[in-house]
Amino acid sequence: MRIFLLLGLCVLSSPAFSQSLPLDPAVRTGKLPNGLTYFVRRNTEPAGRTVLYLVNKVGSILEADDQRGLAHFMEHMSFNGTTHFPKNELVDYLQKAGIRFGADLNAYTSFDETVYQLPIPSDKPGVLAGGIQILRDWAASATLDPVEIDKERGVVLEEKRLGKGASERMSRKYWPLVLNHSRYAERIPIGVDTVLNHFRPEAIRRFYHDWYRPDLQAVIIVGDIDADSVVRAIQSTFSNLRNPPGERARPVYTVPLTGKNQFITVTDKEMTGTAIEVIIKHKGLPFHTAADYRAYIARGLFNQMLAGRYAELSRVANPPYLQGGASIQSFMGGLDSYDASVAVRPGALDTGFKALWRETERVKRFGFTASELERAKTSYLNSMKAALQEMDKTPSESFVKEYQEYFLKGIPAPGLAAENALVQKYIPGISLAEVNALAAQYVTDTNRDILVLAPENTPLPDERTVLSWLQAVRAEDLKPYADQVSTQSLLATPPVAGHVVSETADTSLHITALTLSNGLRVVLKPTHFKNDEILFSAAAPGGTSVYGDAAFQSAAAAAGIIVSGGVGNYDATQLQKYLSGKQARVNIAITDRGQGFGGAATPEDLPTALELVYAYFTEPRKDTAVFQSIIERSRAAMANRANDPGSVFSDTANALLHGNNVRMTGPSLAKLAQINLDTAYRIYRERFSDASAFTFTFVGNFDTATIRPLLERYLGGLPSTHAGEQPVDRGGRTPPGKITKIVYKGSEPKASVYLIFSGPFDYTLEDRVRLDALKEALQIRLTQRLREEESGVYTPSASASISKLPLPRYSFTVSFTCAPENADRLVVSALDEIARLRASGPPAENVEKWKAEERVSTQTQQQTNGWWLAYLGGQMENRDDLHQVYLYPAAVDAVTPEALRQTANRYLSGDNLIRLELMPEK
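So, here's what we can say about the structure.

1. Here we look at the layout of surface pockets
Put simply, the second largest pocket is a space of about 1,200 Å³. For the lining of the second largest pocket, the element with the highest residue contribution is helix H12 (residues 290-313), accounting for 4 residues. For the lining of the second largest pocket, the class distribution of residues is 16 nonpolar, 10 polar and 8 charged.

Take a look at the structure:
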């Protein structure tokens, strides 16, 4: 009754408050006579692109016992043959249209849904119609050829192999308990080996016939389209679908609430740390009406404030845990939960758990403060304001996700303008008492599960002991939280502005370059890709390379340590509160060859971002407590690192690939002990003492004349020494020759294989483009051979990396995960494909596929601020011509099979080849 009074009787009595929120009127929606639902919306972000989704209310929860894993298997088969695209012609067709398999064309299967996604270039004639036909084929026209089914068994089993390890083994033990032994516990989407290996084709055909039907399907199409014509195309293409005679009712399964409390401990020899999690389950709240939306806002405010409390606790000198937090969240099977989890140092489970639960108990007992709620509301409102500013720049994918959730779960999708109206209407009236009441509502003593996860041979508490810890916290004489908010200005000393001494304009790139009086250089590129976004970066040469090995560890950690202590007049906690509600962020990094900044802000909050930059330059803080917290948590995190096969393999690979250079090998306690706060602070000050070495790049929605005074004030006032410092070449290059290294670690029958070609590189635009084309041509063939023909892997990968400084070099890597007994055979197959490339080049059609993909992806990427920021920054760092962007299309067009044959012979000769393998322990 108290909550109702808090909400206000006038609000509750409003009919609109209890009515379902209407769907966004900007979307065309309807239902065909056969029950298929469609959502169509025109959206030109990005221009010339459209995303098509087929959403099925069909998942692993619907599988019979002889079908466990076949919902996911069916997803695979939709790409292996349909009426209009037999066998693998679908992927081939789409690649020719510029769509990458895996990166663009994809699908997923979960417990309750299977979703297919298809982004296409809708400015190409016929591609949109082809895309709609593909959705139609996925919906009802998979051929399910027995030969293709048998070939795909191996692929699915290899996908299943990717998930094997400590996490998967442990989850199999606690998952049934957490899911209250419901059907969800027995229907993990990846399935079981016995079914995947032996099911008959009739079993998957039965699943497809029963559940892939129009009354359980939705077509969602959003993009640069004519909505009317797309609606007509959907109606004509999908209206002839029929539901099966005597169709089965689609059951709705839930995770039942038993009223019981449960406890489990699970250990594994490859687990790297000790953790404890408390899950308190509740019946999920509905989310359909304005009243539901208001409750959703209140939970969001609760979670935001609670996260701030836990973040603050992690910064103390002797942190009680490595990581901890809690929140109200959706669970599954119709439930919500209060979930609190903590990862602790070895031997400190009781201390860490009590610290975690103490903050939950403090909130339950005393609630939050008025100032915390005010900050949370301000942040919520500002986030909504920022989204509203970008409403006409919203990516099509965002709309698709909303309509998908609306179809699958009935979650409202009223549109951003309507949501903003709801937020503006309800958030002022959400009281502190109302939010505080959520703690009592969700932190209860029934339907509570406690999970303890740890490495093998770790002494663990029993249930009685953990319950005694809970009781001990409840009995403590806790004090209310004191919200300490600083009212000081951020800067102790305000900047003295400099001025622009030179300005040049590049009309072809639409950029302006400024040089300030302190020598700092600024490159400005105004854009209209986003309404409310300005991205920036800064770089200067030097980095850790200018320090010897004795100081290297302190230098490498300096940025993270110093920045974590806050800046100016604000410690880290005060700074977090100061920035709450502001759309401004700044990141600092010291890399091996340089130091710099990255950041983002709205035009309104750009002064705050630049003030932060000035503060990080001139007023860094040396916080002993934060330093000790970082070191203690890092030390504890390394305690069981050797248990993890992936970490052991990664450390071995790094050492080998960098010639055992101590700067590039894996972390260790000995290295951690070398980090000194005073040294790190000195190095940080040195790295950011010379503004004349920095070039800042700004890309986004700003006016060059308006931004100029801000740059003069905050960047022009930075100190400079004009030292002209340059990086030092510290080596660490991949050794030449043929090397094989096998690491035996782990218990699962899983092998990870890396074939790494490396050496000097001819750093020209032509060779860079050709190496990228070679990578994609090989990727296509590896997928066809290792996956489709040999069924030996799930996702073979070909990747290339190139660096210009200090010396031009390349690294070209082929990698895959497979059964250990198949590793040698698959390596032979991969090397055979490389030999074919060297002998005759790739098939011409594969080169054309790469060209189509590259044109489509480049055109889309170049409509983003992020792409231009990375491009301009990278070109300047490598001292390359900024106008190369205009030469790129011609370089792509010039690629031929013969050019790639020559490139393969130059860079994939095998003279410098490292074969790295992670194998299970013998």
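2. Quick notes on the packing of helix H27 (residues 765-789) against helix H29 (residues 844-861)
Direction vectors running N to C along H27 and H29 enclose 115°, while the axes themselves pass 9 Å from each other. In the packing of H27 onto H29, the handedness of the crossing is right-handed. Taken together, the residues of H29 that come into contact with H27 (itself represented by Val-769, Asp-772, Ala-773, Glu-776, Ala-777, Ile-780, Arg-781 and Gln-784) are Asn-846, Lys-849, Trp-850, Glu-853 and Glu-854. Per-class residue counts for the contact of H27 with H29 are 5 nonpolar, 2 polar and 6 charged.

3. Some remarks on the sheet that holds strand S16 (residues 584-590)
The mixed open sheet is built from 7 strands, whose spatial order is S12-S13-S14-S18-S15-S17-S16. Each edge of the sheet is formed by a strand with only one pairing partner; in this case those strands are strand S12 (500-506) and S16. Ignoring which end each strand starts from, the neighbouring axes of this sheet average 15° apart. In this structure, strand S13 (residues 511-516) lies alongside strand S14 (residues 521-526), joined through 4 bridges in antiparallel fashion. Considered in S14, the bridge of Thr-512 is made with Leu-524.

4. Regarding the pattern of salt bridges
Summed over the entire model, instances satisfying the criterion amount to 68 salt bridges. Residue Asp-66 is joined to Arg-206 by a salt bridge in which the shortest nitrogen-to-oxygen separation is 2.7 Å. One end of the pair, Asp-66, is in the loop between strand S3 (49-56) and helix H4 (70-77); the other, Arg-206, is in helix H10 (residues 201-211), and 140 residues separate them in sequence. With relative accessibility at 36%, the residue Asp-66 sits in the partly exposed group. Through salt bridges that share partners, Arg-781, Arg-785, Glu-789, Glu-790, Arg-825, Asp-832, Glu-833 and Arg-836 make up one connected network.

5. Section: helix H21 (residues 606-618)
Compared with an ideal rise of 1.5 Å per residue, which puts 13 residues at 18 Å, H21 spans 18 Å between its outermost C-alpha atoms and is within 8% of the ideal. The element H21 is largely enclosed, with a buried count of 12 among its 13 residues. Listing the buried residues of H21 in full gives Leu-606, Thr-608, Ala-609, Leu-610, Glu-611, Leu-612, Val-613, Tyr-614, Ala-615, Tyr-616, Phe-617 and Thr-618.

6. Remarks on the packing of aromatic side chains
A full pass over the atoms with the stated rule returns 36 aromatic pairs. Here Phe-39 and Tyr-406 contribute two aromatic rings whose centre-to-centre distance is 6.0 Å and whose plane-to-plane angle is 90°, an arrangement assigned as edge-to-face. In this pair, Phe-39 sits in strand S2 (residues 37-42) while Tyr-406 sits in helix H15 (residues 396-409), placing the two residues 367 residues apart along the sequence. Between Phe-761 and Tyr-763, the ring centres sit 6.4 Å apart and the planes meet at 80°, which makes this aromatic pair edge-to-face. Counting every residue linked through ring pairs, the aromatic cluster contains Phe-536, Phe-597, Phe-617, Tyr-684, Phe-688, Phe-694, Phe-696 and Phe-698. In this structure, Lys-525 is placed above the aromatic ring of Trp-868, and the distance from its NZ or CZ to the ring centre is 4.4 Å. Over the aromatic face of Tyr-578 sits the side chain of Lys-582, whose NZ or CZ is 4.4 Å from the ring centroid.

Parameters and conventions
- Residues numbered from 1 in each chain as written.
- Predicted model: local features only at pLDDT ≥ 70, side-chain atom pairs only at ≥ 80, totals over all residues.
- Heavy atoms only, no water.
- 1 Å grid on protein atoms, 1.4 Å probe; cavity = no way out; pocket = protein on both sides within 12 Å on 5 of 7 lines; lining within 4 Å.
- Points joined across faces, edges and corners; volume = space filled by probe spheres on them.
- Helix = DSSP H or I, 4+ residues; strand = E, 2+ residues; numbered from the N terminus.
- Nonpolar A, V, L, I, M, F, W, Y, C, P; charged D, E, K, R; others polar.
- Axes fitted to C-alpha atoms, helices over the stretch in contact; angles between N-to-C directions.
- Left-handed = near helix turned anticlockwise from the far one by under 90°.
- Contact = heavy atoms within 4.5 Å.
- Pairing = 2+ DSSP bridges.
- Salt bridge = Lys/Arg side-chain N within 4 Å of Asp/Glu carboxyl O.
- Buried < 20%, exposed > 50% of the residue type's maximum accessible area, 1.4 Å probe, protein only.
- Expected span 1.5 Å × (residues − 1).
- Phe/Tyr/Trp six-rings, centres within 6.5 Å; stacked < 30°, edge-to-face > 60°.
- Lys NZ or Arg CZ within 6 Å of the ring centre and 35° of its normal.

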